[in-house]
Structures are given as structure tokens and as C-alpha cells.
Amino acid sequence: MKVLKFGGTSVGSVERMAHVGDLVAAASPCVVVLSAMSGTTNSLVEIAEYLYKGNVPGAQETVNALEAKYRRVVRDLLRGGAAQTAASATVDKVFAGIRAFFNEPFSEAAEKEILACGELLSTAIMHAHLTERGLRCSLLPALEFMRTLESGEPDMVHIASRLRRMMETAPETDIYLTQGYICRNAGGGIDNLRRGGSDYTASIVGAVLDAEEIQIWTDIDGMHNNDPRYVEATRPVANLNYEEAAELAYFGAKILHPSCVLPAKLHNIPVRLLNTLEPEAPGTIISNAEPCGTIKAIAAKDNITVLKIKSGRMLLAYGFLHKVFETFENHRTAIDMMATSEVGVSVSIDDDSRLTAIVDDLKHFGTVTVDRNMVIICVVGDLEWHNRGLQARVMEALGDIPVRMISYGGSNYNISVLVRADDKVKALRALSAHLFCGDAAGE
Ligand code: ASP
Ligand code: MG
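Because the structure is predicted, anything quoted here is derived from the model rather than measured.

### Here we look at the packing of aromatic side chains
For the structure shown, the criterion picks out 5 aromatic pairs. Summarising the aromatic geometry, the rings of tyrosine 52 and phenylalanine 106 are spaced 4.8 Å apart at their centres and angled 85° between planes, so their arrangement reads as edge-to-face. On the criterion of sequence distance, the pair formed by tyrosine 52 in helix H2 (residues 40-52) and phenylalanine 106 in the loop between helix H4 (81-100) and helix H5 (108-115) is long-range, its members being 54 residues apart. Judged by centre distance (6.3 Å) and plane angle (45°), the ring pair of tyrosine 70 and phenylalanine 95 falls under tilted. Of the two residues, tyrosine 70 sits in helix H3 (residues 56-77) while phenylalanine 95 sits in helix H4, which places them 25 residues apart along the sequence. The residues tyrosine 70 and phenylalanine 95 share a single accessibility class, namely buried. An aromatic cluster of at least three residues, connected via ring pairs, comprises Tyr52, Phe101 and Phe106. The lysine or arginine in question, lysine 301, covers the ring of tyrosine 250, its NZ or CZ lying 4.2 Å from the ring centre.

### Quick notes on the layout of surface pockets
For the second largest pocket, the calculated volume is near 430 Å³. Around the second largest pocket, the lining comprises 23 residues; the ones closest to its centre are Thr90, Lys93, Val94, Leu120 and Ala124. Looking at the lining of the second largest pocket, the elements that each hand over two or more residues are H4, H5 and helix H6 (117-132). Sort the elements by how many residues they give to the lining of the second largest pocket and H4 lands first, with 9 residues. Counted by class, the lining of the second largest pocket contains 15 nonpolar, 6 polar and 2 charged residues.

### Here we look at the sheet that holds strand E14 (residues 367-381)
Strand order in the open sheet formed by 6 strands is E12-E13-E11-E14-E16-E15, and the pairing between neighbours is antiparallel. Of all the strands in the sheet, just strand E12 (335-341) and strand E15 (405-408) have a single pairing partner and so form its edges. The average undirected angle you get between the axes of adjacent strands in this sheet is 25°. With 6 bridges connecting them, strand E11 (residues 295-310) and strand E13 (residues 344-349) associate as antiparallel partners. Within the sheet, the bridge partner assigned to isoleucine 309 lies in E13 and is valine 345.

### Considering the environment of phenylalanine 325
For phenylalanine 325, the position within the fold is in helix H11 (residues 320-330). Each C-alpha atom, one on phenylalanine 325 and one on leucine 362, is 9.8 Å from the other, the two residues being 37 residues apart in sequence. Not counting residues up to four positions away in its chain, the partners in contact with phenylalanine 325 are Ile335 and Met338.

### Quick word on the nonpolar core
Core analysis: the largest hydrophobic core is formed by 106 residues, its most contacted members being Phe6, Ile47, Phe95, Ile98, Phe145, Met146 and Leu256. In contact with methionine 146, other than residues within four places in its own chain, are Ile159, Ile182, Cys183, Arg184, Leu193, Thr201, Ile204 and Val205. Residues Val231, Ile298, Val379 and Leu428 belong to the second largest nonpolar core, which totals 21 residues.

### Notes on unusual backbone geometry
Note that the residue after serine 28, namely proline 29, is joined by a cis bond; omega there is 5°. In the Ramachandran plot, arginine 332 falls in the positive-phi region, its phi being about 45° despite a non-glycine side chain. Mapped onto the secondary structure, arginine 332 falls in the loop between H11 and E12. The phi dihedral of asparagine 373 is positive, around 55°, even though this residue is not glycine. Among the structural elements, asparagine 373 can be located in strand E14. Judged by its relative accessible area of 57%, asparagine 373 is exposed.

### Some remarks on the site of ligand 1
In the vicinity of ligand 1, the residues found are Ser35, Ala36, Thr41, Glu119, Tyr181, Arg195, Gly196, Gly197 and Ser198. Between an oxygen atom of ligand 1 and a main-chain N or O atom of glycine 197, the distance comes to 3.4 Å. Look at ligand 1: alone it shows 260 Å² of surface, and the protein chains cover 87% of it.

How each quantity is defined
Residues numbered from 1 in each chain as written. Chains lettered and ligands numbered in written order. Predicted model: local features only at pLDDT ≥ 70, side-chain atom pairs only at ≥ 80, totals over all residues. Heavy atoms only, no water. Phe/Tyr/Trp six-rings, centres within 6.5 Å; stacked < 30°, edge-to-face > 60°. Helix = DSSP H or I, 4+ residues; strand = E, 2+ residues; numbered from the N terminus. Buried < 20%, exposed > 50% of the residue type's maximum accessible area, 1.4 Å probe, protein only. Lys NZ or Arg CZ within 6 Å of the ring centre and 35° of its normal. 1 Å grid on protein atoms, 1.4 Å probe; cavity = no way out; pocket = protein on both sides within 12 Å on 5 of 7 lines; lining within 4 Å. Points joined across faces, edges and corners; volume = space filled by probe spheres on them. Nonpolar A, V, L, I, M, F, W, Y, C, P; charged D, E, K, R; others polar. Pairing = 2+ DSSP bridges. Axes fitted to C-alpha atoms, helices over the stretch in contact; angles between N-to-C directions. Contact = heavy atoms within 4.5 Å. Core = buried A, V, L, I, M, F, W, Y, C linked by side-chain atoms within 4.5 Å. Near = heavy atom within 4 Å. Polar contact = N/O pair within 3.5 Å; in protein donor to acceptor, adjacent residues only side chain to side chain. Areas by Shrake-Rupley, 256 points an atom, 1.4 Å probe, with all protein chains shown as cover.

Written out as C-alpha cells, the structure is:
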């Protein structure tokens, strides 16, 4: 069985929802994971922000607008009374649930409940639509099987057994439909897998069901070999292996949630990125494919801060790096890139919310300097070190761009360079021109 996940824009309007209905009908039997309609989760975040601030009229206005939108979708997508009644019942319940928080002190748990509403709405409406089309569709509530452990990781054993049992109790089914993104935490409270987390749901579901394939449907024809917003004539990459895809997803290619790669990789299930607007296009397939000696794609990650810690004490000493890393760990801040020399170390972070405290602590060990507004440019492909010359081509392309940091050899799949944000577009274009022009780029 295949698992198909449709993102927010794929279900972003009545027309797009009906189109998803066509795609799902053609793919059945299958499991379908849906995001909220585009814009909904952002509106829910806004509602929660108003409620945190005690601004009930602000929340009320956003809730009213959102509810009106869903009433229109139910009216325009669904034809018959039964389907409209079923979907309207969910709309009633969800919006009454949100409004119930208006009269209580607001909490994080309440926020999580509000954030879960988008997927509850989109799946209820899609379920009504598919049923109305005569398809045998069962809605499997994610809140009844998707659970995380104390660590925040998915509880794969629980998910596998619950989901399988739920599927067994709905045997006359061709389409199993469920919500992306939402889950319960170890304490049993409603929670989520973080923004963009529906991809992760699809991958977890695919893994526990040992699916034939996990399909992530968006509105772009696969993972492109560079950022189409800045570089002309980018092309979809036909094949990536899991490591390459993970690097690209983490370092900027917004099409896939980075966490999504791991469950698929561990269970060796191919992930296919497909385009709802061009369903016949081959897209990108992510699998265990052998590396093929080429550079495949380039991505950029913005808003990077780099810290340099220089210390005479590092010379011939051990334990210095440990202290530096421990500082970041104490402040729960992840390091992306690093470069070391005998007298100093530079590390990059993207979450600078604890920067002042981190710098304060690092000053115990050395002289600290900070550069902000930097960008990591990540070049991905078969960069195993015996593949001569690939790193030289990357550096040649960046010939007249100042490079703050280089990281190569950490994995077989990536070279990362850190440049100023002002040089980002120039660097992306230079790399595409140098690495992909004239050959079968990205293949
Ligand atoms: N609806 C959630 C979000 O907007 C999850 C997702 O779409 O993947 O982040
Ligand atoms: Mg997404």
C-alpha cells in the first residue's frame, strides 16, 4: 500500500480539494495524510497569540473569519445533505471548542489544542467529499494512534500496533484518511510534530505500515537543483539518496520536512515528491540509490549567526571543544557548521535566541566574536573524498565571493560554505552556472 500526503496548498481551495479527490481515487487502495488548508495553521497561531495576550476580541475576529471560510468550503465542495451535515458537525464542534478557550486562562496545552484544529477540519471535509463520491473511505483519527515519547520522538511501537488495529476494524475500506502534524504527547495531551510536520506523519505512517512508497504531494515538481526563487532554469533532481535528501531538506529546500527522511530510510521505503498541478511529472525519488559521482543540488539556509572562540589555551590542549559544545548544550542551541584551527573554533547556529547568554559563558574560555546575517550554502551530491575535483569546482565557482567558513568531509554528501547574506544570490547563481551548465545537471 502507498501513503500519500497532501500539503496545505494542495488542499488550499475547493477546486484543489476536489482535485486531490481525483488523485486519491486513482491511487486507491492507499493511506492519505492531509495537512490543514493553507493559511489555517497560521491563523490558529494568530488566535493563540491573541489569547495569550488576553485580547479576546482579536481572537474572535480571526476565529469568525476562519469559520466563515470553512462554512463556504463545506457549502461549495459538498453537494448532498448527508456529506454537508457530517462535515458541518465537525466545523460546529471545532469552532465551539476554540471559543471555549475564550473564557479561561490561556495555556500551552490550550494552544496545542487550537493548533490541532486545521487538520481536524481538512480531513473531516475530505472524508465527506470522498464518501460522497462513492469511495470507501475511513477516517482514522491521528489523536488515537500518533503518540510521542517523553523524548519527543515518535512511539513507533505504539503507533504501529494502534494503527494496524484501527485499520483492521475498518476492513471495507479503500482509502484510509488521517491527519498529518497532530499527535498526543507522552502525557496524553494533544500535541503536534512542529510546523510542517505532516510530512513527518506520512513518513512515520509509511514506516510502521511498511508501505510500498511514501508520496509527498506539493505544488512543485520535486526537489530542484537550486532555489528557483533566485536562480533561473533550475531543474528537478530525479534521484536522491536519503542522506542527500536529508541534507537538502535541513539546509533550505523547503519542499520536505527534514525529520521525514529518517523513518523512511530506516525502513528502506522510497519517498517520492510529486506535484498536484502536474501529476504525470516524475518528480524526485528519494531512496537507497547508489551515489553516482555527481553534484546534485544546492540549497541555502538563511539567518545564520557564527561565533568564533579564540584561545591560547586550545593550543596542544584537550577538553577545549568539549567545554565549547557543553555551553551550547546548556543553552539548548544546536550547532550547524563548525571549523577548527589550533587556536580557535568557529561554529554556526540558526537559533540565536540565547546568543547573549551563550557569548557570556563562552567568554570564560576565550575571546569571542560574532558575525550575524550569514547564510549557509549547502552543495549536495556524491562528495565522497576520492571523487577528485568536486570540491575544487565548488570553490572555483565562489572565486570572488568572500567565504567565512568551509565544511567538507563531515559526510560523503555535502560541502557547506558560509557567506554573507548579501552574497547569497550571487553564490547560488555562480554555483549553478559552474556546476550544472552544459551537463545533465541534477541527475
Ligand atoms: N498544518 C501544519 C503547518 O502548517 C503542518 C503541515 O502542514 O505540515 O505547519
Ligand atoms: Mg510542508
